[in-house]
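This is what each chain is made of:
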Amino acid sequence: MLMDPKDPYPKHYANPPKPDNSKMEAELGHENCLAWAARNETGILSPYRFDRRSVGEDDISLKIKYCGVCFADVVWTRNKHGDSMYPLVPGHEIVGVVTATGSNVKGFKVGDHVGVGTYVNSCRNCEYCDDFIEVFCSKGATLTFNGIDSDGTVTKGGYSNFIVVHERYCYKIPDGYPLDKAAPLLCAGITVYSPMMRHRMNQPGKSLGVIGLGGLGHMAVKFGKAFGLKVTVFSTSESKKEEALNLLRADNFVISSDKQQMMSLTKSLDYIIDTASGDHPFDPYMSLLKIGGVLVLVGFPSEVRLLPISLNMGAKSISGSMTGGTKETQEMLNFCATNQVYPEIEVINIHYINEALERLIKRDVKYRFVIDIANSLN
Ligand SMILES: [Zn+2]
Ligand SMILES: [Zn+2]
């Protein structure tokens, strides 16, 4: 079957063959874990078997039910940072059910609903681990995939049917919270919740701007509304207006290229969460902040460029953030259950993952793909 000529593969992979999965499954070995892996920088995923380590005394093993699809999965399956180790099994928005616990495990029992996020280990012995912000561990947190695990193997993520993780890096999914909707909370959710709490954005009546309305942006809107904020969405595309206002219940929607609309908001916002990873100007947004306002960057544009006056006039700040620690991740999950904050998701079958990643690149997803692992990877 011919591929879409507009597809965004690098030139030398302009016409990648589609894997014949039935043949590949028959050729798989007898290792204990079934997964889908990318084998090279085409990023095309196909079935793959490997051995997970046995359950250590502090570990839990969980049968994976759902895994969210994050842009990080595109970045590393396609070796965009030049450090991908193949075969590469992506996925760091993992939700499942505990099937085994080590002898020291205190927080979990068989049958519990559990989540695993973007990292699965850290030194547990530095100032940042002591403060439960293990993501910033001074020895480096071990990423859930494409990291080096405690047994020396390359970590493999949630596009697989089970995972073994030290209990410290596992989270309780509150009773009754839908497991498929819980998945995006483990990366997209905590990525915006963490800086919102750090900058005390949970003050009802204040004003929040959200730049970009993808997986992260739509969660920022949801948290903003749950905190009682007046939320303005900035987007490049008019097509998102109706959903921003009616589905996500934003208070205001602004096309960022419309200078008049932008001007009308001068000095009106207390906070801005910037989820856009495409390059964009910063000065126009800084001018929308009130005195002392803060813009938090959670996307990855190629550079941050702005006039000093954008910070100095009005004592404003730009701050960065990346996922969050274990303690606040659990708090975020509990907050979502108590306040009925649910991500918007499209549940997909693992066999659709290559198309889903293509659609994610084109930002054609509302608002997070979640793979139904239990029912399609077997
Ligand atoms: Zn992620
Ligand atoms: Zn540490």
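Residues numbered from 1 in each chain as written. Chains lettered and ligands numbered in written order. Predicted model: local features only at pLDDT ≥ 70, side-chain atom pairs only at ≥ 80, totals over all residues.

- The protein appears in an unreviewed UniProt entry as cinnamyl-alcohol dehydrogenase from Ensete ventricosum.
- According to its UniProt record, the protein has this under Cofactor (unreviewed entry): "Zn(2+)". (UniProt positions renumbered as here; feature names shortened; annotations may be inferred.)

## Observations concerning the domain arrangement of the protein
Thinking step 1. As assigned here, the protein comprises domain 1 (11-187 + 324-376) and domain 2 (189-320).
Thinking step 2. Placing the centre of domain 1 and that of domain 2 at their C-alpha centroids yields a distance of 28 Å.
Thinking step 3. Every contact between the two is made by 17 residues of domain 1 and, on the other side, 13 residues of domain 2. (Domains from an automatic or database assignment. Contact = placed C-beta atoms within 7 Å.)

## Concerning the sheet that holds strand E15 (residues 317-320)
Thinking step 1. Spatial strand order, E12-E11-E10-E13-E14-E15: 6 strands in an open sheet with parallel pairing. Where the open sheet ends on each side, the last strands, each with one partner, are strand E12 (252-255) and E15. Neighbouring strand axes in the sheet, compared pairwise and without regard to direction, differ in orientation by 20 degrees on average.
Thinking step 2. Examined bridge by bridge, strand E13 (residues 269-274) and strand E14 (residues 289-297) share 5 bridges and lie parallel to one another. Residue pairing across strands places Leu 269 opposite Leu 289, the latter belonging to E14.
Thinking step 3. Here helix H6 (residues 215-226) sits on the sheet in contact with strand E10 (207-211), strand E11 (230-235) and E13, set at roughly 170 degrees to E10. (Pairing = 2+ DSSP bridges. Helix = DSSP H or I, 4+ residues; strand = E, 2+ residues; numbered from the N terminus. Axes fitted to C-alpha atoms, helices over the stretch in contact; angles between N-to-C directions.)

## Considering the UniProt feature "domain: Enoyl reductase (ER)" (unreviewed entry) in the protein
Thinking step 1. Here, the residues flagged by UniProt with the feature "domain: Enoyl reductase (ER)" (unreviewed entry) are residues 43-371.
Thinking step 2. Strand forms 25% of residues 43-371 and helix 24%; the C-alpha atoms that close the span are 17 Å apart.

## A short note on unusual backbone geometry
Thinking step 1. Along the chain, Tyr 86 connects to Pro 87 via a cis peptide bond; the corresponding omega equals -5 degrees.
Thinking step 2. Locating Pro 87 in the fold gives a position in the loop between helix H2 (71-77) and strand E4 (94-101).
Thinking step 3. Of note, the amide linkage connecting Lys 366 to Tyr 367 takes the cis form, showing an omega dihedral of -20 degrees.
Thinking step 4. Position of Tyr 367 relative to the elements: it lies in the loop between helix H12 (353-361) and strand E17 (368-372).

## Considerations on the confidence of the model for the protein
Thinking step 1. In this model, the protein carries a mean pLDDT of 93, and residues with pLDDT of at least 70 account for 93%.
Thinking step 2. Taken together, the stretch residues 1-18 has pLDDT below 50 and engages in 11 contacts with residues farther than four places along the chain or on a different chain. (pLDDT = per-residue confidence, 0-100.)

## Quick word on H12
Thinking step 1. Among all positions of H12, only Ile 353, Asn 354, Ala 356 and Leu 357 are buried. In a view along the axis of H12, the buried residues occupy a sector of 160 degrees, so they form one face of it.
Thinking step 2. On its buried face, H12 is in contact with strand E1 (33-38), strand E2 (45-50), H2, strand E16 (345-348) and E17.
Thinking step 3. Within two residues after H12, Arg 363 carries a phi angle of roughly 55 degrees, on the positive side. (Buried ≥ 20, exposed ≤ 12 C-beta atoms within 10 Å, placed from the backbone. Arc of directions from axis to C-beta.)

## Some remarks on the nonpolar core
Thinking step 1. One finds Trp 36, Val 192, Val 210, Val 233, Ile 273 and Ile 371 to be the most contacted residues of the largest nonpolar core, which totals 102 residues.
Thinking step 2. The two domains that each donate at least three residues to this core are domain 1 (11-187 + 324-376) and domain 2 (189-320).
Thinking step 3. For Val 210, the contacting residues outside a window of four places in its chain are Gly 217, Ala 220, Val 221, Gly 224, Val 231, Val 233, Phe 234, Ile 273 and Thr 275. (Core = buried A, V, L, I, M, F, W, Y, C linked by C-beta atoms within 7 Å.)

## Focus: the environment of Asp 73
Thinking step 1. Positionally, Asp 73 belongs in helix H2.
Thinking step 2. A sequence separation of 297 residues divides Asp 73 from Val 370, and the C-alpha atoms of the two residues are 12 Å apart.
Thinking step 3. Excluding anything up to four places from it in sequence, Asp 73 contacts Pro 90, Gly 91 and Leu 357.

## Re the pairing of E13
Thinking step 1. Where burial is concerned, most of E13 is hidden: 6 out of the 6 residues are buried.
Thinking step 2. Pairing of E10 with E13 involves 4 bridges; the strand directions are parallel. By the bridge assignment for E13, Val 210 is matched with Ile 273.

## Remarks on helix H5 (residues 188-198)
Thinking step 1. The buried fraction of H5 amounts to 9 of the 11 residues, a majority that puts the element mostly inside the structure.
Thinking step 2. Taken as a whole, H5 has its buried residues at Ala 188, Gly 189, Ile 190, Thr 191, Val 192, Tyr 193, Ser 194, Pro 195 and Met 196.
Thinking step 3. Residues of H5 that are buried sit in contact with H6, E13, E14, E15, helix H11 (326-338) and E17.
Thinking step 4. Just downstream of H5 lies Arg 200, where phi reads positive at about 50 degrees.

## Quick word on the packing of H5 against H11
Thinking step 1. Where H5 contacts H11, the axes come no closer than 10 Å and their chain directions differ by 100 degrees. As summarised for this structure, H5 and H11 are arranged roughly perpendicular, according to the angle between their axes. The residues of H11 that touch H5, namely those facing Gly 189, Ile 190, Tyr 193, Ser 194 and Met 197, are Glu 328, Thr 329, Met 332 and Cys 336.
Thinking step 2. For the contact of H5 with H11, a count of residues per class yields 5 nonpolar, 3 polar and 1 charged. (Parallel < 35°, antiparallel > 145°, perpendicular 65-115°, else oblique. Nonpolar A, V, L, I, M, F, W, Y, C, P; charged D, E, K, R; others polar.)

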